[in-house]
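The primary structure of each chain is shown beneath.
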Amino acid sequence: MPEDAQRVDSEIGEKLAGKYLTFHLGDESYGLGILKVQQIIHMQDITAVPKTPDFIAGVINLRGKVIPVVELRRKFDMETIAYTDDTVIIVVQVEREEDTLIMGVIVDGVREVLEVSSDHIEKTPAFGTAVDTAFILGVAKLQEKVVMLLDIDKVLSSKEIETVSNITE
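Attention in this report is confined to the structure presented alongside it. (Residues numbered from 1 in each chain as written. Predicted model: local features only at pLDDT ≥ 70, side-chain atom pairs only at ≥ 80, totals over all residues. Heavy atoms only, no water.)

The subject of this paragraph is the nonpolar core. Among the nonpolar cores identified, the biggest contains 27 residues, and Phe-23, Ile-90 and Met-103 are the most heavily contacted of them. Sorting the residues of this core by element identifies β1 (18-25), β2 (28-33), β6 (88-95), β7 (100-107), α3 (152-155) and α4 (158-167) as the ones contributing at least two each. Here Met-103 is in contact with Ile-67, Pro-68, Val-70, Ile-90, Val-91, Val-92, Val-94, Leu-156 and Val-164, once residues within four sequence places are set aside. Counting 10 residues, the second largest nonpolar core, distinct from the first, contains Ala-57, Ile-60, Val-91 and Ile-106. (Core = buried A, V, L, I, M, F, W, Y, C linked by side-chain atoms within 4.5 Å. Buried < 20%, exposed > 50% of the residue type's maximum accessible area, 1.4 Å probe, protein only. Helix = DSSP H or I, 4+ residues; strand = E, 2+ residues; numbered from the N terminus. Contact = heavy atoms within 4.5 Å.)

In structure tokens form, the structure reads like this:
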């Protein structure tokens, strides 16, 4: 690896090192910075909201507060599958320009909280201009697996966040 590429990976690794909640969608593993995660809840009844994008599953009542729930498989253009006993909603904090949005994301299952050191993190590989990877912070190489480290603040576009936010206002 060229020296410049090693330096860049080292800088990214140092910036992103820390604890991540790992979850999966199918065979793919993802990580969310643990400080973005408020809680993990089992699937519950979700109330659909008419005329919303298909990746918005609806809203739930979380201890008296109505929060929007996003179907991450649909957002990532993955095949939808039936929920299982492992399917959960991860409640996360999404930073907006002026405040914080609390929302749920449906995932196939959670795995564990991992401490990822800087030497196991690389920058996001280039997939060309046709693939948007702005929501991927980097890639963690852990034993035999690769974990995509997500920037939950960028999984949804500004317009999508506004749409999700308006559901509960």
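Let's pick the thread back up.
Structurally, Arg-73 can be placed in helix α2 (residues 72-75). Each residue touching Arg-73, except ones within four places of it in the same chain, is listed here: Leu-25, Gly-26, Met-78, Glu-79, Thr-80, Ile-81 and Asp-108.

Another aspect to go through is the layout of surface pockets. Counted as a void, the largest pocket has a volume near 250 Å³. Around the largest pocket, the lining is made up of 15 residues, and of these Tyr-20, Gly-33, Ile-34, Lys-36 and Leu-137 lie nearest the centre. Only β1, β2 and α3 provide two or more residues apiece to the lining of the largest pocket. Sort the elements by how many residues they give to the lining of the largest pocket and β1 lands first, with three residues. (1 Å grid on protein atoms, 1.4 Å probe; cavity = no way out; pocket = protein on both sides within 12 Å on 5 of 7 lines; lining within 4 Å. Points joined across faces, edges and corners; volume = space filled by probe spheres on them.)

Taking strand neighbours across the sheet as the criterion, the six strands line up as β8-β1-β2-β11-β10-β9 in an open arrangement whose pairing is mixed. Two strands lie at the open edges of the sheet, namely β8 (109-116) and β9 (121-122), each paired on one side alone. Where β2 and strand β11 (residues 145-150) come together, four bridges link them in parallel fashion. Directly across from Gly-31, in β11, lies its bridge partner Leu-149. (Pairing = 2+ DSSP bridges.)

Let us now look at the side chain of Asp-108. For Asp-108, the location among the structural elements is in the loop between β7 and β8. Using a relative accessible area of 10% as the deciding quantity, one classes Asp-108 as buried. Separated by 2.6 Å, the side chain of Asp-108 and the backbone nitrogen of Gly-26 make a polar contact. Among the polar contacts made by the side chain of Asp-108, one reaches the side chain of Arg-73 at a distance of 2.7 Å. (Polar contact = N/O pair within 3.5 Å; in protein donor to acceptor, adjacent residues only side chain to side chain.)

Our focus in this paragraph is empty space enclosed by the protein. By the definition in use, this model includes one cavity of 30 Å³ or more. Approximately 40 Å³ is the volume attributed to the largest cavity. Forming the boundary of the largest cavity are Leu-25, Glu-71, Arg-73, Ile-81, Ala-82, Tyr-83, Thr-87, Ile-106, Val-107 and Asp-108.

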